[in-house]
Amino acid sequence: MMATVKASMAGTVWKIVVAEGEKVTAGQDVAILESMKMEIPIAAEEDGVVTKIIANEGDFINVDDDILEIE
C-alpha cells in the first residue's frame, strides 16, 4: 500500500534527508521545510520504502502538497 508524505505547512523544501529505495520507519524525519526562518521536520507516518521523491530541495510547497511516496 502506498502512502504519500505531505507538507504540514507552507514553506521551502530545505533538505530531503532520505533517498529513493531507502527504508524508513514511522516517525523518521524524511524532509525538512524552512518557513519564517524556522526548520520544520517532516516525518514518515508509516514504515516502508521511499519509492518516489516528488519535491525538490529549494521548491516552495503549500500545505498538503506531496513531498514523497512510501510503499
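Cut-offs and rules
- Residues numbered from 1 in each chain as written.
- Predicted model: local features only at pLDDT ≥ 70, side-chain atom pairs only at ≥ 80, totals over all residues.
- Heavy atoms only, no water.
- Pairing = 2+ DSSP bridges.
- Helix = DSSP H or I, 4+ residues; strand = E, 2+ residues; numbered from the N terminus.
- Buried < 20%, exposed > 50% of the residue type's maximum accessible area, 1.4 Å probe, protein only.
- Salt bridge = Lys/Arg side-chain N within 4 Å of Asp/Glu carboxyl O.

The name given to the protein chain in an unreviewed UniProt entry is Acetyl-CoA carboxylase biotin carboxyl carrier protein, with Lysinibacillus fusiformis as the source organism.

This paragraph deals with the sheet that holds strand E3 (residues 23-24). Strand order in the open sheet formed by four strands is E1-E8-E6-E3, with antiparallel pairing between adjacent strands. One side of each edge strand has no neighbouring strand; the edge strands of this open sheet are strand E1 (3-6) and E3. As defined by bridge partners, E1 adjoins strand E8 (residues 66-70) across four bridges and the pair is classed as antiparallel. Bridge pairing in E8 places Ala3 opposite Ile70.

Sheets are built from strands that pair by backbone hydrogen bonding, the pairs being arranged parallel or antiparallel. Taken in spatial order, the four strands of this open sheet run E5-E4-E2-E7, and their pairing is antiparallel. Looking at strand neighbours, the two that pair on one side only are strand E5 (38-43) and strand E7 (60-61), the edges of this open sheet. Where strand E4 (residues 29-35) meets E5, six bridges bridge the pair, whose relative direction is antiparallel. For Leu33, the partnering residue across the bridge sits in E5 and is Ile40.

Moving on, we get to the pairing of E4. The buried fraction of E4 amounts to five of the seven residues, a majority that puts the element mostly inside the structure. Across four bridges, the pairing between strand E2 (residues 11-16) and E4 is antiparallel. Note on E4: the bridge partner recorded for Thr12 is Glu34.

This next bit is on the pattern of salt bridges. Scanning the entire structure with this criterion turns up one salt bridge. The shortest N-O distance in the salt bridge between Asp66 and Lys6 comes to 2.6 Å. Of the two residues, Asp66 is situated in strand E8 and Lys6 in strand E1; the sequence distance between them amounts to 60 residues.

Pairing between E3 and strand E6 (residues 48-53): two bridges, direction antiparallel. Each bridged residue has a counterpart across the sheet, and for Val24 the counterpart in E6 is Gly48. As defined by bridge partners, E6 adjoins E8 across three bridges and the pair is classed as antiparallel. Within E8, the position partnered with Lys52 by the bridge is Glu69.

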